[in-house]
Structure formats: structure tokens, C-alpha cells
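As a plain string of letters, each chain reads:
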Amino acid sequence: MRDRPYNVLFLCTHNSARSVMAECIMNRLGAGKFKAYSAGSQPSGKIHPFAVELLQRLNFDTKSLRSKSWEEFARPGAPELDFVFTVCDDAANEVCPVWPGQPMSAHWGLPDPSRAEGNEAERRFQFADTHRMLNQRISIFISLPIDSLDRLSLKRRLDEIGRTPVDTSREKA
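Cut-offs and rules
- Residues numbered from 1 in each chain as written.
- Predicted model: local features only at pLDDT ≥ 70, side-chain atom pairs only at ≥ 80, totals over all residues.
- Heavy atoms only, no water.
- Pairing = 2+ DSSP bridges.
- Helix = DSSP H or I, 4+ residues; strand = E, 2+ residues; numbered from the N terminus.
- Axes fitted to C-alpha atoms, helices over the stretch in contact; angles between N-to-C directions.
- Contact = heavy atoms within 4.5 Å.
- 1 Å grid on protein atoms, 1.4 Å probe; cavity = no way out; pocket = protein on both sides within 12 Å on 5 of 7 lines; lining within 4 Å.
- Points joined across faces, edges and corners; volume = space filled by probe spheres on them.
- Nonpolar A, V, L, I, M, F, W, Y, C, P; charged D, E, K, R; others polar.

### Some words on the sheet that holds strand β3 (residues 83-86)
Reading across the sheet, the four strands line up as β2-β1-β3-β4 and stay open at both edges, with parallel pairing between neighbours. Of all strands in the sheet, those bounded by a partner on one side alone are β2 (34-39) and β4 (104-107). Ignoring which end each strand starts from, the neighbouring axes of this sheet average 20 degrees apart. Across four bridges, the pairing between β3 and β4 is parallel. The partner of Val84 across the bridge, within β4, is Ser105. Set on the sheet, helix α1 (residues 18-29) makes contact with β1 (6-11) and β2; between it and β2 the angle comes to about 170 degrees.

Dropping the structure here:
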């Protein structure tokens, strides 16, 4: 039995949408078993307004959210990380800092909703769809029997989650 929740860090280049949404989802769905954080390699300094509005509409507490550097999690006194997930391709290709502990990592890349084109409704839809995909992957992750899997098996499962086909049946026609 663990004496603390698993610490999970979600990374994206700007830490303004995907990683922040993942942090919120994990903290809600994994409450008590997981503690999530998010950061970016080149943080924008602000959370995208569409991400904030979506999270608020879904009753997430957004008051403490901020765009921050992944360096915060490599400093002395930072939480000891158990898992690190990149949710954008750019961050996955960057050289990450050395994290405290020996976290398992995987790439769970998703399209950047802040780069979506179209009218406002179409752009907002991309944020909602990104939230849905993150929710799906995080739900699979938190249902894994982490304590009973060896590191190699767990790593394989984490990578599989990142390759989970996303249900696109809800995309607009």
C-alpha cells in the first residue's frame, strides 16, 4: 500500500490547454490515488480562454491554474514524479529536465486545439473534443492495476494508451 498518491506530470510546450485540461481531469477522476500537475517547456504564461471556459462549464476549479515551466518540477523540493506524459508532439521531441524520482513516461499526443481553424464554434468544439480524448485516455490509465504490473508491462500499457484510437464518430460532418 502506498503512503502517498501517484504524482503525474502532463507536459505540453505552452502549458495553456491540453496539459492543463489533463491536470484537471486526472485530479478529478484519480482523486486520492493520483495527484496531477502540468507544465510546459516554453510556457505561454496564460491558460487559453477557451480551455478555462470549458473547464469552468464542466465544474472544474480553475482558480489555481497557471501556465508554468517544467523547470519547477526539476528543482529540489519538487514533488517526486511517478509518471510523466507528453500530450503534444513538440514537447515529446524536446530534451526534458531530469525529474526527481524515476518516473515512467509515455507520449499521449493530441492535436493542439489552440491551433484549430474555423469559426468560434468550430474552435470551441476542438477544445471539447480534446477534453473528451484526454478523459478517455486518463480513464483507461487510472483503471490499470498499477501496483500489480512490473515496470516493463506498465510501460507497454502506458504506450498503448497513447496509441489508443480516439473515437471520431462525434466529429462534425
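### Topic: the layout of surface pockets
Of the pockets and cavities examined, the largest pocket occupies roughly 230 Å³. A total of four residues in the lining of the largest pocket trace back to one element, the largest contributor, which is α1. Looking at side-chain class alone, the lining of the largest pocket contains five nonpolar, two polar and six charged residues. Quantified by volume, the second largest pocket comes out at close to 180 Å³. Surrounding the second largest pocket, 14 residues form its lining, Tyr6, Asp82, Phe83, Arg151 and Leu154 being those nearest its centre. A per-class count over the lining of the second largest pocket returns seven nonpolar, one polar and six charged.

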